[in-house]
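Structural overview
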Amino acid sequence: EKARKKEENRRLREEREKAKAALLAGAGKDNFGDTKMIQSQEITEKVWTDIKDLKPKLNGQEVLVRGHLQTIRSVGKGVFVLVRSALFTVQGVCFETKDGAISQAMIKYISGLPSESVVDMKGKVSIPDEPIAAATQKMVEIQVSSFHCVCKAKLALPFQMEDACRADAVKEADVGEYNEDDEVAVAADGLVRVGQKMRLDYRWLDLRTPANQSIFRIESMVGHLFRECLMKKDFVEIHTPKLIGGASEGGADVFTLDYFGQPACLAMSPQLHKQMTAACSGFERVFETGPVFRAENSNTRRHLCEFTGFDLEMVIHEHYDEVLEVFSDLFIHIFDGINERCKDELERVREQHPFEDLKYLRPTLKLTYAEGCALLREAGVDQDDYEDLSTKNEKKLGDLVKEKYGTDFFFMDKYPLSVRPFYTMPCPENPKLSNSYDFFIRGQEILSGAQRVHEPDMIEERAKVWDIELKDIEAYVNSFRHGALPHGGGGIGLERVVMLFLGLPNIRKSAWFPRTPNRIAP
């Protein structure tokens, strides 16, 4: 009898240990683990909540979110996670429970997931005792009830997202030559920063940071605001070829190619075609957004070999000031729109790349080129009225204008004819000058434009001055032989506008996948 009781106790003890082990292992539970691959096989009744919508008013409600697993922190019998979607992050809290609902195996599973894996996190929203400093959704957290991995990160991360999100230690110079390899990984404060080269080599990861998410959402908004403003002003969007014969504006800075046995190049701008459509084809007001190619071997902080051009062209009745008024309205609409519609994005950028808000006037400040040169000379800078502005002098002029007029944004007209393209209308009062203009943000050019020559004989005359073969622009010149409306316009560099509005020191930070003389991938 004694032996029988001993055996029964042993059996009961083994059953209890098995049950405990099963509980710890989460046996019979499906609240954690890898999901099967999503291959569009089914549509369930799951209700998803965007992380950005997680707010205290949802306290006590069960939510399901999906995002990248940014950080994991194991603490005793629990784990804290930070899950990120787009700009927004939320903390999840998961601790082992006595009833086995949250098992030891579940905690171990979550703790072992690779960073940046895609996960589904389910649980009740709660309000923490203190704001969550590491999350954008600081006033809520999720008490995790289930946690599944949708797609594991298979490779070790080339850098930690925490390092990639860290605020700039110092302000990078925004002029001069630039070499990706010169950047220092560890700043004076002893904290690791991810260099620009590493970021661009793994751009798909770099774009996940809140600052970069914000930069490119702002850039998207600029495109929307550009179209919105011009559509209201009766402009028509056009789409012109990027494969052209000859060079679109003359000069040697073009990418050449063989076009079925004929010489051709990638367009430096839609210049000739937007003139054709506006002045010669009856559309009168046109705009285009598209790639622009420049074969300039310029390794600077503000040049790209391929950028996004925002161009417009419009007919005028009497004076190119009609075009300048449109540009002034357009930029004020864009600046106001960013400030009003991108508040969250602006703050995310500012957290990593601190900048001063752009100052601009209504209407936009207008100076002549001669007045700008005079300001420089008054400040002791050697600048002739008929010489082009150097980058250094442009920056200096921007500082002088802000000091005198209180604006980061202005434009100048009446540039020397010798520094403008062949199709620029000469100034009637002074043949050495032209009816041209440039716009500036923080002392850097973001738009170049002019009234165009609309008389074919004068176009040919100006082309000869530039040593442009007339046969290369024959179709262009011929389009003006059947009556052309007086017109003007300009071209804007999108990446440069965004860079300068946000006070970024390097155009690579505002280009999705930069193309420079030393980079053609990814």
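A quick note: this is a predicted structure, and the numbers were derived from the prediction, not measured.

Rules of the game
Residues numbered from 1 in each chain as written. Predicted model: local features only at pLDDT ≥ 70, side-chain atom pairs only at ≥ 80, totals over all residues. Heavy atoms only, no water. Domains from an automatic or database assignment. Pairing = 2+ DSSP bridges. Helix = DSSP H or I, 4+ residues; strand = E, 2+ residues; numbered from the N terminus. Contact = heavy atoms within 4.5 Å. Axes fitted to C-alpha atoms, helices over the stretch in contact; angles between N-to-C directions. Patch = residues over 30% accessible without salt bridge, like charges linked within 9 Å, V, L, I, M, F, W, Y side chains within 5 Å. Areas by Shrake-Rupley, 256 points an atom, 1.4 Å probe, with all protein chains shown as cover. Salt bridge = Lys/Arg side-chain N within 4 Å of Asp/Glu carboxyl O. Buried < 20%, exposed > 50% of the residue type's maximum accessible area, 1.4 Å probe, protein only. Core = buried A, V, L, I, M, F, W, Y, C linked by side-chain atoms within 4.5 Å.

Take the domain arrangement of the protein chain next. Parsing the protein chain into structural domains produces domain 1 (1-27), domain 2 (31-151) and domain 3 (212-509). If you average the C-alpha positions of domain 1 and of domain 3, the two centres end up 81 Å apart.

Another point: the sheet that holds strand β17 (residues 487-493). Pairing is mixed in the open sheet, where 8 strands are placed in the order β7-β11-β12-β17-β16-β15-β14-β13. Two strands lie at the open edges of the sheet, namely β7 (236-237) and β13 (365-368), each paired on one side alone. When β13 meets strand β14 (residues 409-413), the two strands line up parallel, connected through 4 bridges. Residue pairing across strands places Leu367 opposite Met412, the latter belonging to β14. Running over the sheet, helix α10 (residues 369-378) touches β13 and β14 and is turned about 85° from β13.

The grouping of Met198, Tyr202 and Trp204 at the surface amounts to a nonpolar patch, some 290 Å² of accessible area in total. You can see Trp204 is positioned in helix α5 (residues 203-206). A relative accessible area of 46% places Trp204 in the partly exposed class.

One pass over the full model with this rule turns up 33 salt bridges. The closest approach of N and O atoms between Arg227 and Glu237, which form a salt bridge, is 3.0 Å. Highlighted residues: Arg227 in helix α6 (residues 210-232) and Glu237 in strand β7, separated in sequence by 10 residues. A salt bridge links Glu351 to Arg348, with the nearest nitrogen and oxygen atoms 2.6 Å apart. Here Glu351 and its partner Arg348 are both found in helix α9 (residues 343-352), 3 residues apart, which amounts to about one turn of the helix. Of the residues examined, Glu351 reaches a relative accessible area of 49% and is grouped as partly exposed. What you see here is one network of salt bridges that share partners, running through Lys274, Asp311, Glu313 and Arg452.

This part covers unusual backbone geometry. A cis amide bond links Arg362 with the next residue in sequence, Pro363, at an omega value of -5°. Relative to the helices and strands, Pro363 is located in the loop between α9 and β13. The omega torsion across Ala521 and Pro522 is 0°, close enough to zero to call that bond cis. Mapped onto the elements, Pro522 comes out in the segment after α14 (494-501). The phi dihedral of Asp234 is positive, around 70°, even though this residue is not glycine. By the element assignment, Asp234 lies in the loop between α6 and β7. Using a relative accessible area of 62% as the deciding quantity, one classes Asp234 as exposed.

To continue, consider the nonpolar core. Phe327, Phe331, Phe439 and Leu502 are the most contacted members of the largest nonpolar core, which totals 54 residues. By residue number, the principal contributor to this core is helix α8 (residues 321-341), which donates 10 residues. Apart from the residues lying within four places of it in its own chain, the contact partners of Phe439 are Leu324, Phe327, Phe331, Phe409, Phe410, Phe411, Gln444, Glu445, Ile446 and Leu447.

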